[in-house]
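Structural features, examined
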Amino acid sequence: MAKEVYNASSIKVLEGLEAVRVRPGMYIGSTSTRGLNHLVYEIVDNSVDEHLAGYCDTIHVTLEADGSATVEDNGRGIPIDMHAKGVSAERVVFTTLHAGGKFDNKAYATSGGLHGVGSSVVNALSSRMTVRVKKGGNIYEDRYEKGKPVQKLVDGLLPVVGKAKGTGTCINFLPDDTIFEHTRFKSDDIKSRLHETTYLNPKLTIIFTDKREGSEEEVTFHEPEGIGGFVKELNKSDETVTDVITYSGEYEGIKVEVAFQYIRDFREEIMGFCNNIYNSEGGTHLTGFKTAFTAVINSYARELGILKEKDANYTGADVRNGMTAVVSIKHPDPRFEGQTKTKLDNPDASRAAAQVTQEQVVLFFDRNVDQLKAVIECAERSAKIRKSEARAKTNMLVKPKFSFDSNGKLANCESRDASKCEIFIVEGDSAGGSAKMARNRMYQAILPIRGKILNVEKASMDKVLANAEIKTMINAFGCGFSEGYGNDFDISKLRYDKIIIMADADVDGAHICTLLLTLFFRFMPQLITEGHVYIAMPPLYKAMPSRGKEEYLYDDEALLRYRRKHKGSFTLQRYKGLGEMDPDQLWETTLNPETRQLRKVEIDDGREASDITGLLMGPDVPPRKQFIYKHARDAELDI
Ligand code: TTJ
């Protein structure tokens, strides 16, 4: 190995990259598939920055047959000349850890914050990496293994390995299988992220190629309509009630671009981007946009006499009812806060988004009153429902005539030690009956509910709340409920550590799951965020071999495994529903904490939820729904 690797500054560098290998999660979030895909984004974002600088219009992203990934652009090429440290500048880029300096390094002032400086991290986490730079008719090459340079330099500079026309950078890397749990990139996630990148950069083309055996494909992403096209795509399977409306402007050196459209559904999906990077926790750009938009719509509604003097203003949520929007800003010095550092924090971003919105939206609606009226109709529908929900809630709170167990269906447990208690919400009376017989009476409560009673349209949550079984459930939990966080809800009063939804693995079961999760998420979100909600996973099959022990199989994969492993003959019983199990079986497979399988309902950040849902449902579901569908679908697929 070349000597120069071991001079003083290099040793410091290697210690830096070693730190990345020791705690990879600190640098790429996780070592799951998500962290793995992140490696690709870290590299691609460098080429996108080169595009933003005006020098690159095409990026090739290739998942190679050998499991590595290649990113190639036609930019100016990473600088390869001698750096102050006595080696090629390229080597400095790939071996210097920028962490810590990420947010205040002016050299990266136009980058999105978390990206653009991660190439050394990717290097450190790759068992091998090859860098090729095309410049001045030559191809220069450098190579690394686990972040350490293995290419011999020529007087500190990269060797020429071939001739080339044009300029550009090409990186190939193989993720280290001793670091990552899995090393198979997930092409659907990568494709959707690359697609998103082309919406945000309408002059950029990204060509994605999968060369891995069995999943070969090539897709070209190019979206000349920009974020307007993005909104159109998000709404492609919805009934729209306005056009896609786009505007842009600049204020205090911050560029603001917005596209929005309303659909005929009770949902809101607003995505914020800063310097092309998605901010899953939102931030000041969204706050500014929302505040200004709400004010504009309220003042129009009064002007048009739709809101009378005695009427209260529409709330922000009313005004955004049915809105799909993308807010994309370019900021010279973005700052981030929040748990995952994905919440934009710059106060001037709020001012810029508000200013541009206030100006441009008024300009547009003044000339397009039909579009304005469609928006106000959406706000009006939301306000109506909001008021009826408030009424339903007051009714519940002032007349708690239902007792702890209003209709006698709850079979409560004996213990009052909440940390040990569980409540099973069971679909169907017959499964409920079996569960009551099978349970551990000390710690397990059973509440049967009937599916069809719950079958209420999503808009009429007040009806759901009026439902006796749901009342019983809310009373049983003991912590009240409230829209959003805070006020009436008190998690410390929760009577059960685990709330376990037990439903059949069919469409009705998934529907019940969806409704319950909707209800929890909307009125008792802390049940979910604090990890109290679970979905029971009863087995799909029981395999009974002619000799040997019978075995419960929880999914089709388990069945396949069983078939492969088990050569002799066996009888297979398929459970169509919980009702088919006798109490003993139900205890063993679903209730007994020692043997059962539970899926904990967890909240991912918006991005992950949207990725997964994108796969299953198409990218047209807002975050809350995404979350709910995700779990309901999981239930449908896996229970
Ligand atoms: C920097 O300023 C001088 C001209 O080149 C600029 C530059 O860095 N260009 C550049 C970097 N283009 N492409 C990259 C790049 C591409 C990949 C795939 C990965 C990395 C780390 C950088």
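Please refer to the structure placed before this passage.
Below or above, wherever it landed, is the structure these notes cover. (Residues numbered from 1 in each chain as written. Predicted model: local features only at pLDDT ≥ 70, side-chain atom pairs only at ≥ 80, totals over all residues. Heavy atoms only, no water.)

The next point concerns the packing of helix α12 (residues 429-438) against helix α19 (residues 583-591). Here α12 crosses α19 at 80°, and the two axes come no closer than 8 Å. Judged by the angle between their axes, α12 and α19 are roughly perpendicular. Contact with α12, carried on its side by Ala431, Ser434, Ala435, Met437 and Ala438, involves Pro583, Leu586, Trp587 and Leu591 of α19 and no other residues of that element. Its residues placed into classes, the contact of α12 with α19 shows eight nonpolar, one polar and no charged. (Axes fitted to C-alpha atoms, helices over the stretch in contact; angles between N-to-C directions. Helix = DSSP H or I, 4+ residues; strand = E, 2+ residues; numbered from the N terminus. Parallel < 35°, antiparallel > 145°, perpendicular 65-115°, else oblique. Contact = heavy atoms within 4.5 Å. Nonpolar A, V, L, I, M, F, W, Y, C, P; charged D, E, K, R; others polar.)

Now for the environment of Ala392. Mapped onto the elements of the fold, Ala392 is located in helix α11 (residues 369-398). A sequence separation of 74 residues divides Ala392 from Ala466, and the C-alpha atoms of the two residues are 7.1 Å apart.

Another aspect to go through is the pairing of strand β10 (residues 245-251). Bridge analysis of β10 against strand β11 (residues 254-262) gives seven bridges, and the strand direction is antiparallel. Pairing of Tyr251 across the sheet is with Ile254, part of β11. (Pairing = 2+ DSSP bridges.)

So, on to the site of the ligand. Taken together, 14 residues sit near the ligand, with Asn46, Ser47, Glu50, Asp73 and Gly77 positioned nearest. A distance of 2.7 Å separates a nitrogen atom of the ligand from a polar side-chain atom of Asp73. The separation between a nitrogen atom of the ligand and a polar side-chain atom of Thr169 is 3.4 Å. Contact with the protein chains covers 81% of the free accessible surface of the ligand, which is 500 Å². (Near = heavy atom within 4 Å. Polar contact = N/O pair within 3.5 Å; in protein donor to acceptor, adjacent residues only side chain to side chain. Areas by Shrake-Rupley, 256 points an atom, 1.4 Å probe, with all protein chains shown as cover.)

Let us now look at the nonpolar core. Of all hydrophobic cores here, the largest spans 44 residues; its most connected members are Val40, Met129 and Phe173. Counting residues per element, this core draws most heavily on helix α3 (residues 33-52), which supplies seven residues. Leave out the neighbours within four places in its chain, and Val40 touches Val61, Ala69, Phe173, Phe185 and Ile190. With 37 residues, the next largest nonpolar core counts Tyr262, Ile270, Tyr300 and Val319 among its residues. (Core = buried A, V, L, I, M, F, W, Y, C linked by side-chain atoms within 4.5 Å. Buried < 20%, exposed > 50% of the residue type's maximum accessible area, 1.4 Å probe, protein only.)

Okay, the packing of aromatic side chains next. By the definition in use, this model includes 14 aromatic pairs. Between Phe260 and Phe293, the aromatic rings sit 5.1 Å apart at their centres with planes inclined by 80°, giving edge-to-face as the arrangement. With a gap of 33 residues between them, Phe260 in strand β11 and Phe293 in helix α8 (residues 284-303) connect regions that are remote in the sequence. You can call Phe260 buried: its relative accessible area is 0%. In this structure Phe293 comes out as buried when scored by relative accessible area, which is 1%. When the ring of Phe364 is compared with that of Phe365, the centres are 5.5 Å apart and the planes differ by 65°; the resulting orientation is edge-to-face. On the accessibility criterion, Phe364 (24% relative accessible area) is partly exposed. (Phe/Tyr/Trp six-rings, centres within 6.5 Å; stacked < 30°, edge-to-face > 60°.)

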